[in-house]
Amino acid sequence: MPSTPWRRRRSTDSPRPAGRRWAGRLRRGGTLARQALLVRVGRRNTETRRAATATRAEVLYTGSEPGLNHTLPVPGVALTTPAAFEEEKPVPAPIPLLPGAHTMARRVSFALVNACTLSSLGLGLLAIFLAMEGEAQIAAVCLVACVAFDGLDGALARKLGVASPFGAQMDSLADMCSFGLAAPVVVYASLVHSVPKPAAAVACALVAACAAIRLARFNVSPKDGRFFCGVPTTMAAAVFALAVLIGLPSLSGIAVLAGVALLAFAMVSSFPYAKLARIVKLPPWLWVLPVVGALMDPRLTFILVVAAYLVSGPILWVRAKRA
């Protein structure tokens, strides 16, 4: 019997009392465990330990959301973010307007080529102004001059060796003004008295839209030295200008509108059309027929030549598919 019977003896399955003696043992055990971990891992500095044991108030103060892997700011230590490990992207070098040596001769040549491009742009604006005043014939003459200047600036750029991306973009913008806007306005001025105005407006708007698509596609497509992909806007504008100059009284207004729409769709088609350099190399006897026809009936000859050129695209496309 125990000497103190009023005390309850602890059984084997009863919990240990949570007295100061056992709490001291737990604290000492935790201290030994921490010392063993610190021997292996290494001591952390005071600020890092404070960051690891931050209270909720400190987390709210620093703006870190619970559940996210945020690190408290440590004085004197720069925070590392994923963006710091990303490689810096190289800054693209600016493209010069005139590639190559900037000598006085090349500067003059570059200015001459751009002057031809600006002349084409100015003549296109003049054609629009004349068409608005009802002078469709004189406006058509301005369009023919635009075609001449457009071919001249490219030839001069290649001849003088001053071709540049700036010149190509400037030429494309001038073509849109001269051939994509001025040509439909001139055609509208010549058709407004013979066909209904809404029909003429729709046909001319179709020409402008197809010209914009054609020029944008030409800028981003690979170049072929033998054929055009679709009828070029320069050639379409030349056809419109010559048609207004010579007049087509034998055709009705509906037929003229159909021809305008057909030429507009030919600009955005994928049919291959021969370039002028290949057309010049045709056999000489083929040139005799248009010349004789022009002496007999210039209007009919003009219609047949344009129709033959438009039909040549599908024929070349079929031959390429069979080959």
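Residues numbered from 1 in each chain as written. Predicted model: local features only at pLDDT ≥ 70, side-chain atom pairs only at ≥ 80, totals over all residues. Heavy atoms only, no water.

## A short note on the packing of helix 5 (residues 104-132) against helix 6 (residues 136-160)
Contact geometry for helix 5 and helix 6: axes closest at 8 Å, N-to-C directions at 165 degrees. Classified by the angle their axes make, helix 5 and helix 6 are roughly antiparallel. By crossing handedness, the relation of helix 5 to helix 6 is classed as left-handed. Along the lines of polarity and charge, the residues of the contact of helix 5 with helix 6 split into 19 nonpolar, five polar and two charged. (Axes fitted to C-alpha atoms, helices over the stretch in contact; angles between N-to-C directions. Helix = DSSP H or I, 4+ residues; strand = E, 2+ residues; numbered from the N terminus. Parallel < 35°, antiparallel > 145°, perpendicular 65-115°, else oblique. Left-handed = near helix turned anticlockwise from the far one by under 90°. Nonpolar A, V, L, I, M, F, W, Y, C, P; charged D, E, K, R; others polar.)

## Side note on the packing of helix 7 (residues 165-191) against helix 8 (residues 197-220)
Pairs of packed helices are described in terms of their axes, by the angle between the two and the distance that separates them. Viewed as axis vectors pointing N to C, helix 7 and helix 8 meet at an angle of 165 degrees, and their least axial separation amounts to 9 Å. Here helix 7 is positioned roughly antiparallel relative to helix 8, judged by the angle of their axes. Both helix 7 and helix 8 take part in a crossing whose hand is right-handed. Along its contact with helix 7, which presents Gln169, Ser172, Asp175, Met176, Gly180, Pro184, Val187, Tyr188 and Leu191, the element helix 8 presents Lys197, Ala200, Ala201, Cys204, Val207, Ala208, Ala211, Ala212, Leu215 and Asn219. When the residues that make up the contact of helix 7 with helix 8 are grouped by side-chain class, the tally is 13 nonpolar, four polar and two charged. (Contact = heavy atoms within 4.5 Å.)

## Observations concerning the environment of Val268
Within the fold, Val268 resides in the loop between helix 10 (253-267) and strand 2 (272-274). For Val268, a relative accessible area of 23% translates into the label partly exposed. For the pair Val268 and Cys229, spaced 39 residues apart in the sequence, the C-alpha separation amounts to 8.0 Å. Residues in contact with Val268, not counting those within four places in the same chain, are Cys210, Ile213, Arg214 and Arg217. (Buried < 20%, exposed > 50% of the residue type's maximum accessible area, 1.4 Å probe, protein only.)

## Regarding the nonpolar core
Of all hydrophobic cores here, the largest spans 49 residues; its most connected members are Val231, Phe240 and Met267. Every residue in contact with Met267, bar those within four places of it in the chain, is listed here: Val207, Cys210, Ala211, Arg214, Arg217, Cys229, Gly230, Val231, Thr233 and Ala236. (Core = buried A, V, L, I, M, F, W, Y, C linked by side-chain atoms within 4.5 Å.)

## Topic: the packing of aromatic side chains
Within this structure, the stated rule accounts for three aromatic pairs. Aromatic pair Phe110 and Phe166: ring centres 6.0 Å apart, planes at 40 degrees, arrangement tilted. One end of the pair, Phe110, is in helix 5; the other, Phe166, is in helix 7, and 56 residues separate them in sequence. Seen from their ring centres, Phe271 and Trp317 are 5.9 Å apart, and the 70 degrees between their planes marks the pair as edge-to-face. Placement of the pair is Phe271 in the loop between helix 10 and strand 2 and Trp317 in helix 13 (residues 298-322), with a sequence separation of 46 residues. Assessed through its relative accessible area of 27%, Phe271 is described here as partly exposed. On the basis of relative accessibility, which here comes to 38%, the residue Trp317 falls in the partly exposed class. (Phe/Tyr/Trp six-rings, centres within 6.5 Å; stacked < 30°, edge-to-face > 60°.)

## Let's talk about the side chain of Ser164
Mapped onto the secondary structure, Ser164 falls in the loop between helix 6 and helix 7. On the accessibility criterion, Ser164 (10% relative accessible area) is buried. Not counting residues up to four positions away in its chain, the partners in contact with Ser164 are Leu97, Pro99 and Phe110.

## Comments concerning the confidence of the model for the protein
When pLDDT is averaged along the protein, the result is 77; 69% of the residues meet or exceed 70. Every residue in residues 36-74 is under pLDDT 50, and counting partners more than four places away or in other chains gives 17 contacts. (pLDDT = per-residue confidence, 0-100.)

## Structural notes on the environment of Ala320
By the secondary structure assignment, Ala320 is in helix 13. Residue Ala320 is classed as exposed on the basis of its relative accessible area, which comes to 54%. Sequence-wise, Ala320 and Pro272 are 48 residues apart; in three dimensions their C-alpha atoms are separated by 9.4 Å.

## What about helix 8?
With 24 residues, helix 8 should cover 34 Å at 1.5 Å per step; its first-to-last C-alpha distance of 35 Å lies within 8% of that length. Turning to helix 8, its buried residues are Ala200, Ala203, Cys204, Val207, Ala208, Cys210, Ala211, Arg214 and Leu215. (Expected span 1.5 Å × (residues − 1).)

## What about a nonpolar patch on the surface?
On the surface, Leu276, Val280, Leu282, Trp285, Leu286, Trp287 and Leu289 cluster together to form a nonpolar patch covering roughly 730 Å² of accessible area. Looking at the nonpolar patch, the elements that each hand over two or more residues are helix 11 (276-280) and helix 12 (284-296). Looking at which element gives the most residues to the nonpolar patch, the answer is helix 12, with four residues. Along the chain, the position of Leu286 falls in helix 12. What makes Leu286 partly exposed here is its relative accessible area of 30%. (Patch = residues over 30% accessible without salt bridge, like charges linked within 9 Å, V, L, I, M, F, W, Y side chains within 5 Å. Areas by Shrake-Rupley, 256 points an atom, 1.4 Å probe, with all protein chains shown as cover. Salt bridge = Lys/Arg side-chain N within 4 Å of Asp/Glu carboxyl O.)

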